[in-house]
Amino acid sequence: MADTPGSRILVTGALGQIGTELTETLRERYGADAVVASDVRDLPDHPCVVGGPYRNLSVIDADAFDRVVVEEGIGTVYHLAAILSATGEKKPELCERINVGGTVTVLEAARKHSLRVYAPSSIAVFGPDAPKHAPQECTLNPTTTYGKTKVTGERLAMNYWKQYGVDVRGIRYPGLVSYKAPAGGGTTDYAVDIFHHALETGHYDCFVRGDTRLPMMYMADAIRATIALMDAPVEAIGTARGGYNISGCSFTATELAEAVGARVSGFTCDFLPDVRQKYADSWPDSVDDEAAQADWGWVAEYDLEAMCDAMIAGLQSSSI
Ligand code: NAD
Ligand code: SER
């Protein structure tokens with residue numbers, strides 16, 4: 001029997017690339033005390049630890065998770081704790097344990113305590129047989145362990161909704177580009193790293209080929225999409241609830257290097273593909289986000305040029 005949910009928000013994986021900015025945004029919106037940040041790491045000076053309540057918590061410890069939900073009076077979980085693609089291919093067992101096991105922990109707690117859940121998916125759900133402009137619905141045959149865990153996450157979301165009425169929603173985030181927290185071991189990290197290297201040394205060795213095109217998004221758009229999806233009335237949420245495609249901008253690594261070069265004088269970039277090229281090649285170039293537009297009004301604001309301006313301004317102001 002489900003009990004009555006609390007009213008506070010719990011963010012798992014809050015010290016990561018997305019959690020850092022999502023926690024900050026949620027605290028601005030609801031008040032610092034209403035948002036409990038959590039992560040398996042201990043980083044006492046991190047803004048999410050300093051800026052409000054923080055719990056050290058592993059999402060694969062179901063008993064501890066349950067305790068925190070009750071003690072903190074939680075009603076909604078933003079479940080961001082995960083192992084990303086590049087680390088996941090090096091440690092596939094860990095990737096499955098955290099990504100699938102952690103999601104089951106959160107969904108089971110949601111079932112017991114009537115929680116609402118946000119659990120993101122990824123463009124990594126698509127495999128090499130998907131159309132290069134990936135539709136919302138097609139056969140999902142990912143070749144990476146990470147992608148497989150994300151397909152399982154989407155299916156779990158739909159099952160918990162249908163079987164138990166747990167209101168769990170997710171977005172298939174594109175590669176996310178941001179400056180406030182480092183990217184966490186993904187294939188799309190080159191689109192973040194390039195800005196740091198350009199400003200620090202004037203040169204970047206990019207680990208994918210120049211013609212590699214992937215769906216990408218500036219973090220401000222991703223945070224806005226996350227909040228919009230969770231704000232949408234339950235009747236608006238359709239069959240894509242486990243993982244909505246959302247489109248931001250799509251560009252090749254060469255186009256990105258040229259856009260950075262147009263802003264950082266003397267910048268040079270070499271393309272030296274490593275094992276991550278294979279993961280990037282298995283993903284689409286862009287995604288069709290008609291379902292997100294129709295169901296909860298999704299429209300991106302940042303194109304490649306606006307994203308580059310924001311990244312460089314952000315990095316320059318944070319280094320002052
Ligand atoms: P990240 O690697 O930056 O952060 C993940 C956080 O999870 C880290 O702070 C890590 O310490 C924490 N964590 C790892 N194991 C944990 C455990 N057992 N218990 C609790 N915390 C644990 O990742 P991110 O980029 O912030 O990604 C968040 C979510 O968004 C993930 O589900 C990821 O798959 C998804 N996503 C991210 C991107 C992207 O480009 N960043 C794209 C698509 C999907
Ligand atoms: N940005 C993520 C990664 O590269 C995709 O989910 O792993």
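Preceding this section is the structure that the text describes.
Residues numbered from 1 in each chain as written. Chains lettered and ligands numbered in written order. Predicted model: local features only at pLDDT ≥ 70, side-chain atom pairs only at ≥ 80, totals over all residues. Heavy atoms only, no water.

Draft legend 1. Expanded view of helix α5 (residues 92-113). Under the 1.5 Å per step criterion, the end-to-end length of α5 is 31 Å for 22 residues, consistent within 8% with the ideal 32 Å. Residues of α5 that are buried include every one of C95, I98, N99, G102, T103, T105, V106, L107, A109, A110 and H113, and no others. Where α5 is buried, its residues touch α3 (62-71), β4 (74-79), α4 (85-90), β5 (116-118), α6 (145-164) and β8 (168-169). Of the residues trailing α5, S114 is marked for its positive phi of about 55 degrees. (Helix = DSSP H or I, 4+ residues; strand = E, 2+ residues; numbered from the N terminus. Expected span 1.5 Å × (residues − 1). Buried < 20%, exposed > 50% of the residue type's maximum accessible area, 1.4 Å probe, protein only. Contact = heavy atoms within 4.5 Å.)

Draft legend 2. Inspection of the sheet that holds β8 at higher detail. The strand order β3-β2-β1-β4-β5-β8 describes an open sheet built from six strands, whose pairing is parallel. The sheet is open, and its two borders are formed by β3 (54-56) and β8, each paired with just one other strand. With respect to the sheet, helix α1 (residues 17-30) is in contact with β1 (8-12), β2 (35-39) and β4, its orientation differing from that of β2 by roughly 165 degrees. Strands β4, β5 and β8 of the sheet are contacted by α5, whose axis makes an angle of about 160 degrees with β4. (Pairing = 2+ DSSP bridges. Axes fitted to C-alpha atoms, helices over the stretch in contact; angles between N-to-C directions.)

Draft legend 3. Quick look at unusual backbone geometry. With phi around 55 degrees, S114 is a residue other than glycine that occupies positive phi space. Considering the arrangement of structural elements, one finds S114 in the loop between α5 and β5. Judged by its relative accessible area of 33%, S114 is partly exposed.

Draft legend 4. Here's a closer look at the site of ligand 1. As a matter of local geometry, ligand 1 sits amid 27 residues, with Q17, D39, R41, Y146 and K150 nearest to it. Here Q17 contributes a backbone N or O atom positioned 2.8 Å from an oxygen atom of ligand 1. In this structure, V40 approaches ligand 1 through a main-chain N or O atom, which is 3.4 Å from a nitrogen atom. Compared with its free state, where it exposes 830 Å², ligand 1 has 93% of that area covered by protein. Under a 2 Å grid-point criterion requiring more than half of the atoms, the pocket assigned to ligand 1 is the largest pocket. Listed by contribution, the elements that provide at least two residues to the shell around ligand 1 are α1, β6 (121-122), α6 and β10 (175-177). Among the residues making up the shell around ligand 1, the classes are represented as 15 nonpolar, nine polar and three charged. (Near = heavy atom within 4 Å. Polar contact = N/O pair within 3.5 Å; in protein donor to acceptor, adjacent residues only side chain to side chain. Areas by Shrake-Rupley, 256 points an atom, 1.4 Å probe, with all protein chains shown as cover. 1 Å grid on protein atoms, 1.4 Å probe; cavity = no way out; pocket = protein on both sides within 12 Å on 5 of 7 lines; lining within 4 Å. Sits in = over half its atoms within 2 Å of the grid points. Nonpolar A, V, L, I, M, F, W, Y, C, P; charged D, E, K, R; others polar.)

Draft legend 5. Up close: the site of ligand 2. Looking at ligand 2, the residues that line it are L84, S85, S122, Y146, G186, T187, T188 and W283. Note that an oxygen atom of ligand 2 is positioned 2.6 Å from one of the side-chain N or O atoms of S122. Within the contact set of ligand 2, a nitrogen atom lies 2.7 Å away from a side-chain nitrogen or oxygen of T188. If ligand 2 stood free it would expose 230 Å²; the protein chains cover 93% of that surface.

Draft legend 6. Representation of the sheet that holds strand β13 (residues 244-245). With parallel pairing, the three strands of this open sheet are ordered in space as β6-β9-β13. Looking along the sheet, the strands with just one partner apiece sit at the ends: β6 and β13. Pairing between strand β9 (residues 171-173) and β13: two bridges, direction parallel. Each bridged residue has a counterpart across the sheet, and for R172 the counterpart in β13 is N245. Contacts from helix α8 (residues 219-231) reach β9 and β13 within the one sheet, and its direction differs from that of β9 by about 175 degrees.

Draft legend 7. Expanded view of the layout of surface pockets. Of the voids in this model, the largest pocket is the one considered here, and its volume is about 970 Å³. Surrounding the largest pocket, 47 residues form its lining, L80, A81, A82, I83 and L84 being those nearest its centre. Counting residues per element, the lining of the largest pocket draws most heavily on α6, which supplies five residues. Along the lines of polarity and charge, the residues of the lining of the largest pocket split into 22 nonpolar, 20 polar and five charged. In this structure, the second largest pocket is lined by Q136, E137, L140, V151, E154, R155, M158, R172, T239, A240, G242 and G243. (Points joined across faces, edges and corners; volume = space filled by probe spheres on them.)

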